[in-house]
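# Per-entry structural report
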Amino acid sequence: MSDSSDAEVIGRSLSEPETFGLIYDRHAATLLRFLGRRAGAKIAEGLVGELFRIAFERRKAFDPSRETALPWLYGIGSRLLLKHRRSEARRLRASARLAADSQPTDRRMGAAALDARVSISRVADAIDSLPDEEREPLLLFAWEELSYQHMAEALELPIGTVRSRLNRARAHLRELLEPSGKKRMKPR
Amino acid sequence: MNPIDLTKALRRDAAFDPAALERGKAALMTMIQQEVQPMRRPTIVPRLPYENVGAALSFLERAFGFREVPTARGVRADGAIDYTMVEFGGGMVGLGAQGAHGAFSPKTVGTTTQYITVDVDDIDTHHERAVASGAEIVSRLHDHLREYRVYEALDLEGHRWRFLQWFR
């Protein structure tokens, strides 16, 4: 069973539910890190439990033509995170403070970002103020490095819709970060 | 200024306790075990018709300590519960909207045609709880010979329940 695909494991778990434990073994660490990045380690631990409970209950609905269950699990996690928007926003601002402190030594920042007269805390605010339907693809793409195909599976959207939402997110961020720009999205 | 790169700059990992993974696995496996059990259902499962399944369910949980079987519930378009199952010890009873399968609530037809016997571990506590929850006691709590201690109660639509605890 250990070299079977996720789809085979989930299929088997319909008659032998304990088999579903293998899906946890394969993906729980990735999802715990994903949820932790977004909402913090403490909330992540509770959420990962809820995520796998939901996944187990809905395993019948998993599309067996998919090679991996990870995007499907990401999708369940994304929806659970909606209930923790406040923690996410707090964490994003804390990350901004940390990133600002370490800016000169953090190679990920690069010169371009330093040149842009954009304080990193404005980036955090801008990301936070994006509508959920744009913020989610943005973070799945930038932080989790999911492919378009996998984002489409996670968000249960056609791939073209994911692409256009990500483009809208990019455009919105640019707009929000314009030095002179006073345009704000709806306040939260 | 690439928005994606700026977003990436805010990516920060949360240190997680490696034991959290183990705890999550243990919780999942326990949950799976509990979910599996109701699949091994008793061979005979009575189904009781009610006018209001939702109200019946909360009464049976409150007054008699029954527990709804997770995932058993079916809901109508208007949000009302159409059918569900409750379990208690090793037994299980279905609750369903009346009219289906030609069965009707005693509240509608004015009579019962059956009653259900349930073994309990602590009959006095069970009885107290039923009384406190407003169950109508139709046979007072008493010892029957030297065999068991028993009482009978009606639920809120008049189905008759007989609860007893065997003497050793």
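Refer to the structure presented above.
## A short note on the pairing of strand β8 (residues 148-154) of chain B
Residue and element names in this part refer to chain B. Of all seven residues making up β8, six are buried, and the element is well covered by its neighbours. Relative to β8, strand β7 (residues 136-144) is paired through six bridges, and the arrangement is antiparallel. Residue pairing in the sheet places Asp143 in a bridge with Arg149 of β8. Where β7 folds back onto β8 in an antiparallel hairpin, the turn is made up of three residues, including Leu145, whose phi is positive at roughly 50 degrees. Bridge count for β8 against strand β9 (residues 160-166) is seven bridges, and the pairing is antiparallel. When the bridges of β9 are listed, Arg149 appears paired with Gln165. Between the antiparallel neighbours β8 and β9 lie five residues, among them Gly158 with a positive phi of about 95 degrees.

## Describing helix α3 (residues 53-64) of chain B
Residues and elements named next belong to chain B. Compared with the 16 Å implied by 1.5 Å per residue over 12 residues, the 16 Å span of α3 between its first and last C-alpha is a close match. Looking only at α3, the buried set comprises Val53, Ala56, Leu57, Phe59, Leu60, Ala63 and Phe64. Taken around the axis of α3, the buried residues stretch over an arc of 165 degrees, which confines them to a single face. At the exit of α3 stands Gly65, carrying a positive phi of roughly 75 degrees.

## What about the packing of helix α4 (residues 70-81) of chain A against helix α9 (residues 148-155) of chain A?
All names here are of chain A. α9 packs onto α4 with a crossing angle of 55 degrees between their chain directions and a minimal axis gap of 7 Å. When the axis of α4 is compared with that of α9, the two are oblique. At the point where α4 passes α9, the crossing takes the right-handed sense. In contact with Pro71, Tyr74, Gly75 and Arg79 of α4, α9 contributes His150, Glu153 and Ala154. Per-class residue counts for the contact of α4 with α9 are three nonpolar, two polar and two charged.

## A short note on the pattern of salt bridges
Residues and elements named next belong to chain B. With the rule as written, the count across this model stands at 31 salt bridges over all chains. Arg73 is paired through a salt bridge with Glu68; the nearest N and O atoms lie 2.8 Å apart. A residue is classified by how much of its surface remains accessible, and Glu68, at 16% relative accessible area, is buried. Between Asp124 and Arg149 there is a salt bridge whose closest N-O contact spans 3.0 Å. In this pair, Asp124 is assigned in helix α5 (residues 123-132) and Arg149 in strand β8, connecting sequence segments 25 residues apart. Residue class for Asp124 comes out partly exposed when judged on its relative accessible area of 33%.

## Some details on the sheet that holds β9 of chain B
All names here are of chain B. With mixed pairing, four strands are arranged side by side in an open sheet as β6-β9-β8-β7. Of all strands in the sheet, those bounded by a partner on one side alone are β6 (115-119) and β7. For this sheet the average axis-to-axis angle between neighbouring strands, irrespective of direction, equals 15 degrees. Across the sheet, α5 lies against β7, β8 and β9, angled at about 15 degrees from β8, the strand it touches most.

## Focus on unusual backbone geometry
Excluding glycine, a negative phi dihedral is what most residues carry, and trans is how most peptide bonds are arranged. Positioned with a positive phi, Glu156 of chain A is a non-glycine residue whose angle comes to about 55 degrees. Along the polypeptide, Glu156 of chain A turns up in the loop between α9 and α10 (159-177).

## A closer look at the nonpolar core
Counting residues in each nonpolar core, the largest one holds 63 residues, and the members touching the most others are Phe20, Leu31, Phe52 and Leu73 of chain A together with Leu10 of chain B. Apart from residues no more than four positions distant in its own chain, Phe20 of chain A is found in contact with Ile10, Ser13, Phe52, Ala55, Phe56 and Arg59 of chain A together with Leu28 and Ile32 of chain B. Among the nonpolar cores identified, the runner-up in size contains 26 residues, and Phe64, Leu95, Val120 and Ile123 of chain B belong to it.

## With respect to the packing of helix α8 (residues 132-142) of chain A against α10 of chain A
All names here are of chain A. Their axes nearest at 8 Å, the elements α8 and α10 cross at an angle of 95 degrees. As judged from the angle between their axes, α8 and α10 are roughly perpendicular. Facing Glu133, Glu134, Pro137, Leu138 and Phe141 of α8, the residues of α10 in contact are Arg165, Leu166, Arg168, Ala169, Arg170, His172 and Leu173. Across the contact of α8 with α10, the residue classes tally to six nonpolar, one polar and five charged.

The rules behind these values
- Residues numbered from 1 in each chain as written.
- Chains lettered and ligands numbered in written order.
- Predicted model: local features only at pLDDT ≥ 70, side-chain atom pairs only at ≥ 80, totals over all residues.
- Heavy atoms only, no water.
- Buried < 20%, exposed > 50% of the residue type's maximum accessible area, 1.4 Å probe, protein only.
- Helix = DSSP H or I, 4+ residues; strand = E, 2+ residues; numbered from the N terminus.
- Pairing = 2+ DSSP bridges.
- Expected span 1.5 Å × (residues − 1).
- Arc of directions from axis to C-beta.
- Axes fitted to C-alpha atoms, helices over the stretch in contact; angles between N-to-C directions.
- Parallel < 35°, antiparallel > 145°, perpendicular 65-115°, else oblique.
- Left-handed = near helix turned anticlockwise from the far one by under 90°.
- Contact = heavy atoms within 4.5 Å.
- Nonpolar A, V, L, I, M, F, W, Y, C, P; charged D, E, K, R; others polar.
- Salt bridge = Lys/Arg side-chain N within 4 Å of Asp/Glu carboxyl O.
- Core = buried A, V, L, I, M, F, W, Y, C linked by side-chain atoms within 4.5 Å.

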